[in-house]
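Overview (structure and organization)
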Amino acid sequence: MTGYRLDSTINMGSLIDRRKSLSFTFNGTRYKGYEGDSLASALLAEGVMVAGRSFKYHRPRGVFAADSQETNVIVQLETGAITEPNLKATQIELYEGLVARSVNCWPSARFDLGALIGLIKAFMPAGFYYKTFMWPSWHLFESTIRRAAGLGLSPIQPDPDRYMVQHATCDLLVVGAGPAGLMAADQASALGMRVILADDKKQSGGSLLWNGQEVGGEKGQVWAKNKAQTIKKNLLSQILNRTTVVGYYDHNFLLAIEYLPNATGHSPRQKLWKIRAGHVILATGSFERPLVYAGNDLPGTMLNSAIIHYVNAYGVAPGECAVIFTTNNTGYETARVLTAMGVTVRAIIDTRAAVTCEKQAWANEQGIIIYPHTVIKTAKGGKAVRSVQIEQIGGGKCLTLECDLVGLSGGWNPAVHLFSQSGGKLEFDDRLATFIPTTSAQDVTSVGSAKGAFDLGTCLLQGRDAGLAAAASRGFVGESTEVPEFEQWDKTDQDMMWTVPETSLSSAFVDFQSDVTAADIGLAAREGFVSVEHLKRYTTLGMGVDQGKSSNINAIGIMGDLTNRTPEKVGTTKFRPPFTPVTMGAMAASRPQGELLRPRKYMPGHNWHISKGAHMLDYGWQRPSHYPIAGETMQQAALREAKNVRNAVGVLESSPLGKFEVMGADAGKFLDHIYVGTMSNLKVGSIRYGLMLNEHGTIIDDGVVAKLSDGHFLLNVSSGHADRIMDWLEEWRQCEWPDLDVVIQNVTHCWGAITLAGPNARAVLTALGCDIPLKNDQFPHMRWRMGTLSGFDVRIFRVSFSGEVSFEINIPSNHTVELLSRIEVEGKAYGLAPYGIEALDMLRIEKGYLLIGTDTDSSTIPQDIGFGRAINKKASDFIGRRSLKRETALSDDRYHLVGLMSDQMMQSGSHILDQNKKSRGFITSACFGAGVLRPIALALLRAGHDRMGEKVTLYTQGTESAATVCQAVHFDPDGEKLND
Amino acid sequence: MTDLSLRALKPWGRVDSIGNDPSQLLIQMETFSAIVRVTALDHCLQNLSERLTSIGFPVPRVNSAVGEEPCVIWLSPRDFLILHKTHPAGDVIEKLNSIIKEDEALIIDQTHGLGILSYAGDRALDLLSQGTSLDFSEVSFGKGESRRTSFAHLKVTIFSFQATSTIGQNMWMMVFDAPYADYLSQWLLHAQKNIT
Amino acid sequence: MHYIDCPWCGLRDESEFSYGGPADLIRPTLADDVSDQEWADYLFTRDNPCGEHHERWVHTFGCGQWLRLVRDTLSHKILRVDVLRKKQNIFPNITDERGI
């Protein structure tokens, strides 16, 4: 006895199109369904009862619900790169050729070897793993357990799908296009608000799509469709279908995921909506909860509302002979619907004592027996429910009823997830036996069954009124829309029953997916885990992909009963986004993989470097690492380029260097506060090296300052973080010294910078035609000049990072490529060749020129790199000065920057050991010196300044080698070449 | 890797249109002969408005792009950009130097350091709203207004141009840092494919 | 994601701003000659109130100006936004003209 598709004459199925047949494969078997089916409805129609296996005990499971609260039928969709694990079959729209497998079973759901675990179920209650698998070592058991644990498989190939982001600002966001939501959106949009109405289903209507109710004299589904059309007529409004609002954040910021059908490789599959709403109306509906008794998880056991849903929406009868178990009127409606479809309803098991005459009369007519004040104590069956054992409450008559379908109605839980995420408070309503929203923390209103209004009339009214109120609060006034007539269907008048009395708790399931039973909750209480947050984590209740939608409230009730607390006192666990699982690709949509992951900067001379065969790398900007010739490795190219700089002349683009113009009567004073050295006495035309510290005394930048004119300076800061230093300068200027007469402008991108370095640099400039006197006595090191070069207006700075005579030419950036080309032509005669960052690194290392962040770390202060003397002479305060007088700053045992010599090539990261093999420092930069022609390094070594000449042992990932401590400047320590 | 034609001083041309229909989406590189940034000290700001008027320049207004030739765009309480389509930066700077002394403000030619794109078409907002959360509705961002914000993770200034575009629709312009030209064009090509 | 009403630029996403710590730190100057402990307090010791917190933010992706916010650390409500230092409104605001 199984589920089957109803004949179209009996029930068409409001959501399916019987003209379009689809085929799909589930667990290797081919089946058929219709367009509009969900995977779950199609499986039910095809009589598949066992469609999954539970997480821990591998119990056979069948379809339980009809939407996001499904706990049992969890599948792996498709294979390969597009496979998606742990989707609920109830939320997958059927398409032609769909392939899905149940997770957590092998070889199939019907015959699962994992079910053998059921034999030792008694030894595996909640939290058993905290007490087992510990001796002799957890690691012995780990790999086996890892293989057995988990649900579904992660894809192991990159996601080929596209995802996109859409930002939206609106006056009103309505979540849920059921009766209440449609009324709210209609009212608000009629008054001119910008409205977004979001609903997770393919079409608007909410529960009207399946509960068969009439509104305004027409079928609920038709009324909803027309209402949606009316709303869409307003140009300022939009309806997003297949869109789940997954998170509610600060200040009415919400995230939603829109599932786009028919995505090809080129069109996006999902859209991440980032919505900022003036007001939010939550019309999110409610979830039915099951009843807790032994065997309540057997396939064929479903929520009553789900049964109605499958019958009306998909034309599927989930079984042939049903028993309905209920605490409220939903069970009766289910019985009515099933009977109308020709399905036998054996009995209605009602926990309530009183049955109205109306109900009794109707039941008699249909041949249904009502058992008031009765419960199902146990359900029996192997791979499907076969019979239920019912008993009157308080003992007494016990009866066995055969059936293949059990419908459960334990009550209704308003979907308060988003409301709670927004900071709203909940209270437990005894009459409704559930948690309902009370105080809002943001601009949000709950309406309809999400607020605990379970009758259609109230839903419609609340929706309309909320729309009206939202509009009024934002200044949109006008007429209110009419509330249509409706058909009453009352879900109130209900019992509160958390567990069926006298049932066997160890097989009375509360959380079906995580296999948490009522007995487990009892165990948690006995072990002291009575806080609701502890209960969740100790039992794993609510931690499956249904996120507790079918289990949390029952669990709270059970824990309350066990510890003599009301559900309100037990409380709810913290609601966190997302409301339903979201795929990683959608969350990362604003940073597409590959080249668009983060912004990239290209230098103005980029195309020239490419034409020279440069190998580009990301150094914060795209820059040439080296220019390989004829199969050279990077090391070979870099060494050749560096040697050429030492012996002839090299050209390198230094455009990324940060350039800031600082101007004002107090510019010098300001810079004296920023730098360790004194800049206010800099002469026009001169350049000075400077260190910038943060308040901890740590060096954050080293660069140069050039004096352009009176009260006018140009700062050059490290390429890697120019933007951050600009922010830093503005912070101090605006916040600490706002009264200083000084302004700053970032001109980094205005100027291209080309460095000519080497003994022949001057000659090349001359060959290009330069009106600036270039001889050393006319243009010494650390000066700048303005003039023309090859017809271009330029600023030339004589600074050096290579240790050779070096001219940094600043030219308006659009002319960079042209100038580079001309340099190449004129430089040929002088042996000019381009050099890249790797070569530059080699050159600067042997000169002891440090790189902040490489040769320094977050504790390095000026004294550590030999710049202590300058500080004592300086009068004014500067950032970080006080930190330099701290005890640790004055210690002798600090890390000092030193050089190292060795016969062997050294590696950065190697440790420098003392006699006890303890690390006393580490190498920060290492290379083969292009000038000294031997291996050299820079290192941070404790008390290094006092250890010159000392022989030390290096430790590099297991191997030891020898080195000698020396000065950081290896090449041309007197700077003869520099000042040539 | 695309050819960075921006840097070769060639006009960038259209990034792309949706199905070659410019009325849907038209993105163009805008060439301005002058983009000058002024950062003024306090004592200069006091009567700057009068001085600018005296040379026929529009006065900056907060969050606005005022005028056409030149167009003055507010950046901060003491910064503004001056755009000119035909006059070279040197001329603009000379005019400014006639009313502002060297020690009163930084007046710097930023023409080489910035790029400007224009966006027009029925689907322009569908594209722009992928890169920024800025509210582009008429009531929030009207004609002649400017906004500094983030777009595709870059710092940009977006302004709604007074005139309408060549295809007779609303047009937005975006000022960005020139080194990001290639990244931005890749981003736009990618985002444009998302519009269906 | 907070929605911050920048006095210059209007309501913007939090992601356009950078947080700058408490608003009213007083920086000891050289002349104050503070002890190591007092200096460490300035660097590290912070109040962590549950409730109103005065903090500074900078509108990094907007006007670049430093702002002072009064924000409730529990509810995340932003109670007030001002410029951090004196406000010069030399240039008229477009909204003044539009009468908004």
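Cut-offs and rules
Residues numbered from 1 in each chain as written. Chains lettered and ligands numbered in written order. Predicted model: local features only at pLDDT ≥ 70, side-chain atom pairs only at ≥ 80, totals over all residues. Helix = DSSP H or I, 4+ residues; strand = E, 2+ residues; numbered from the N terminus. Buried ≥ 20, exposed ≤ 12 C-beta atoms within 10 Å, placed from the backbone. Contact = placed C-beta atoms within 7 Å. Nonpolar A, V, L, I, M, F, W, Y, C, P; charged D, E, K, R; others polar. pLDDT = per-residue confidence, 0-100. Pairing = 2+ DSSP bridges. Axes fitted to C-alpha atoms, helices over the stretch in contact; angles between N-to-C directions.

Re the overall build of chain C
- Scanning chain C from terminus to terminus reveals two helices and six strands.
- Walking chain C from its N terminus toward its C terminus, one meets helices and strands in the order β-β-β-α-β-β-β-α.
- Of all 100 residues assigned to chain C, the portion counted as buried reaches 20%.
- Restricting the contact set of chain C to residue pairs at least 6 apart, pairs at least 24 apart contribute 49%.

Here we look at the interface of chain C and chain B
- With 15 residues of chain C at the contact, the number on the chain B side is 18 residues.
- Residues belonging to the side of chain C that touches chain B are distributed by class as follows: eight nonpolar, five polar and two charged.

A few points about the interface of chain A and chain B
- The interface is formed by 39 residues belonging to chain A together with 36 residues belonging to chain B.
- Those elements giving two or more residues to the side of chain A that touches chain B turn out to be strand S9 (162–175), strand S16 (268–282), helix H15 (606–611), strand S36 (658–663) and strand S40 (743–746) of chain A.
- Of the residues belonging to the side of chain A that touches chain B, the class tally is 17 nonpolar, 13 polar and nine charged.

Digging into the environment of Arg762 of chain A
All names here are of chain A.
- Residue position: Arg762 is located in helix H19 (residues 761–768).
- Look at Arg762 and you get buried, because 20 C-beta atoms sit within 10 Å.
- In sequence terms Arg762 and Leu209 are 553 residues apart; their C-alpha atoms lie 83 Å from each other.
- In this structure, Arg762 is in contact with Leu774 and Val805, ignoring residues within four places of it in sequence.

Section: the confidence of the model for chain C
- Per-residue confidence for chain C gives a mean pLDDT of 89; residues scoring 70 or more make up 87%.
- This complex was scored by the predictor with a pTM of 0.94 and an ipTM of 0.95.

Notes on the sheet that holds strand S4 (residues 71–76) of chain B
Residue and element names in this part refer to chain B.
- Here five strands make up an open sheet; going across it, the order is S3-S4-S5-S2-S6 and the pairing antiparallel. Each having just a single partner strand, strand S3 (65–66) and strand S6 (105–109) make up the two edges of the open sheet.
- Note that strand S2 (residues 34–40) and strand S5 (residues 79–84) share six bridges and pair antiparallel. Along S5, the bridge assignment pairs Val38 with Phe80.
- Across the sheet, helix H3 (residues 89–97) lies against S2, S5 and S6, angled at about 30 degrees from S2, the strand it touches most.

Overview of the pairing of strand S8 (residues 146–151) of chain B
- Taken across its six residues, S8 of chain B has five buried, putting it largely inside the fold.
- Counted between consecutive antiparallel strands, the loop separating S8 of chain B from strand S9 (residues 154–160) of chain B contains two residues, among which Ala152 of chain B sits at a positive phi close to 50 degrees.

Some remarks on unusual backbone geometry
- Omega for the peptide link from Pro577 of chain A to Pro578 of chain A comes to 0 degrees, which places this bond in the cis form.
- Mapped onto the fold, Pro578 of chain A is located in the loop between helix H13 (567–570) and helix H14 (584–587).
- Looking along the chain, the bond that leaves Glu69 of chain B and enters Pro70 of chain B is cis, with omega of 5 degrees.
- Summarising the element assignment, Pro70 of chain B is placed in the loop between S3 and S4.
- The phi torsion at Glu502 of chain A lies on the positive side, around 65 degrees, for a residue other than glycine.
- Within the secondary structure, Glu502 of chain A sits in the loop between helix H9 (456–473) and strand S31 (509–511).
- Since 15 C-beta atoms lie within 10 Å of it, Glu502 of chain A is described here as partly exposed.
- One non-glycine residue, Lys917 of chain A, lies in positive phi territory at about 60 degrees.
- Checked against the element boundaries, Lys917 of chain A lands in the loop between strand S47 (911–913) and strand S48 (919–928).

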